[in-house]
Amino acid sequence: MASVHLSDVTRRFGAHVAADRVNLSVNEGEFVALVGPSGCGKSTLLRMIAGLDWPDAGAIRIGERDVAALEAAERDVAMVFQNYALYPHLTIRQNLATPLALRRLRAWERMPLLWRLSSASRERHARIDADVSAAADLLGIGALLERKPAALSGGQRQRVALGRAIVRQPAVFLYDEPLSNLDAELRASMRSEIVELHRRLGVATIYVTHDQVEAMTMADRIAVMRGGRILQFGTPAELYTEPASLEVARTLGTPGIGVLRATVRASSAGLATACGCVLPLAVHAAQGASVSIGLRAEHLALTSIGDHGALPARVLQVECLGADTLVHVGLYETHAGAHRAAHGEAQPRLIVRAPRGLAEIASLPRSGDVVGVRADLSHALVFDDAGRRVTHDVIVSGASMRRVAHV
Ligand code: ATP
């Protein structure tokens, strides 16, 4: 077991900076996800930790060892790839045994029959067999050992790829989008298997994904990446409730956070949204400054349009998920809004999570209905023009009463 530390790691490809002074510490036994859009530098970081690529500057430590000068095979890490990377002409047993044979046996001990001549060699072969069987049992692939990869399903192949990483008993596991080739159902079950495996083995794990649900559900901590940099590193709960920027807030959460553009009014006079509503929020920014207000679906509720303090809206789409429902609404100004909506103008959109499901379908609104949307502003997230989170207060009865965010 080991920890992993990156200090000011930089990697350039020509003029492009794929990793820009990245600092990251993964503790022993911790599961860390690197999440971000395609091209943000996740795989580049992982490959540098694995020893498949080298930084132009900065240091990488695995445990107490500076691994900069070490080849991949000397780093004691195992990597699982999206495309499984199995040897197609070998059986599953041979696929699992090969990494061990390469590490533990001398060249002559890998020759057919010859290895039987020495008792020490026979013992080493027996230990490899035992390790392969243990990994196969752990992953439930014992019955597949004599097949070739082509005779396995995608999920089974990925399980073999996991097995090949496990048998080596590495100090660190690295995963590069390992579930991207699987269908949604299999992805969900493999997610739990990988987490369960991690719990049992307790080895530091770095898991690259562009799927924020994977990151949120699997990781102890998440590093959100953009443009070769880590925007924020924290637990899923920290990043979800206390995002440092609009980009991080937009990255995490299903459904995605709704965002309203607004302008700061005079002191304690609230924020005027682009759709003409005034929200009783006070921020420490100059009058007239532009801000963005992030509102998550679970902090919004449907009410009637005349309800005091509710934002007037029109229902655009209703997605009933079974136990609850996502209602997509477009906000509008009470008077001009109906006209604007009728002319197809873009409206600020929000998604409301209604705690009513299929059983209460008759009580759910329909597309085109006019509704009110009430926001629990104590959970609102406010960002300045540059997308940085800013402190805000909820204004109660004209006075700024309650500070709800400290950034
Ligand atoms: P994806 O999710 O699509 O794999 P990623 O976040 O893992 O994306 P990287 O593969 O790390 O991104 O690539 C980061 C940037 O570096 C990209 O712009 C990519 O084109 C560039 N890049 C990566 N490897 C090389 C290379 N060998 N030569 C030139 N540019 C490269």
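The structure presented is a predicted model; accordingly, all values stated were derived computationally and were not measured. (Residues numbered from 1 in each chain as written. Predicted model: local features only at pLDDT ≥ 70, side-chain atom pairs only at ≥ 80, totals over all residues. Heavy atoms only, no water.)

### Notes on the site of the ligand
- With respect to spatial proximity, the complete set of residues near the ligand consists of Phe13, His16, Ala18, Pro37, Ser38, Gly39, Cys40, Gly41, Lys42, Ser43, Thr44 and Glu177.
- Interatomic distance of 2.7 Å between a backbone N/O atom of glycine 39 and an oxygen atom of the ligand.
- Take cysteine 40: an N or O atom from its main chain is 3.0 Å from an oxygen atom of the ligand.
- Notes on the ligand: free accessible area 630 Å², of which the protein chains cover 56%.
- When contributions to the shell around the ligand are tallied by element, the ones reaching two or more residues are β2 (16–26) and α1 (42–50).
- Among the elements that make up the shell around the ligand, the one with the highest residue count is α1 (3 residues).
- Broken down by class, the residue content of the shell around the ligand amounts to 4 nonpolar, 6 polar and 2 charged. (Near = heavy atom within 4 Å. Polar contact = N/O pair within 3.5 Å; in protein donor to acceptor, adjacent residues only side chain to side chain. Areas by Shrake-Rupley, 256 points an atom, 1.4 Å probe, with all protein chains shown as cover. Helix = DSSP H or I, 4+ residues; strand = E, 2+ residues; numbered from the N terminus. Nonpolar A, V, L, I, M, F, W, Y, C, P; charged D, E, K, R; others polar.)

### Description of the pairing of strand β8 (residues 204–209)
- Within β8, 6 of the 6 residues are buried, which leaves it mostly tucked inside the rest of the structure.
- Side chains Ala204, Ile206 and Val208 project from β8 onto one buried face, and the interleaved Thr205, Tyr207 and Thr209 project onto a second face that is buried too.
- In this sheet, β8 lies alongside strand β3 (residues 31–35) in parallel orientation, the contact comprising 5 bridges. Residue valine 35 lies in a different strand from β8, and its bridge partner there is threonine 209.
- Two strands pair when backbone bridges link them, and strand β7 (residues 172–176) and β8 are joined in this way by 5 bridges, in the parallel orientation. If you follow aspartate 176 over to β8, its bridge partner there is valine 208.
- With respect to chirality, the unit in which β7 leads through helix α5 (residues 184–201) into the neighbouring parallel β8 is right-handed. (Buried < 20%, exposed > 50% of the residue type's maximum accessible area, 1.4 Å probe, protein only. Pairing = 2+ DSSP bridges. Right-handed = clockwise from strand over helix to strand, strands pointing away.)

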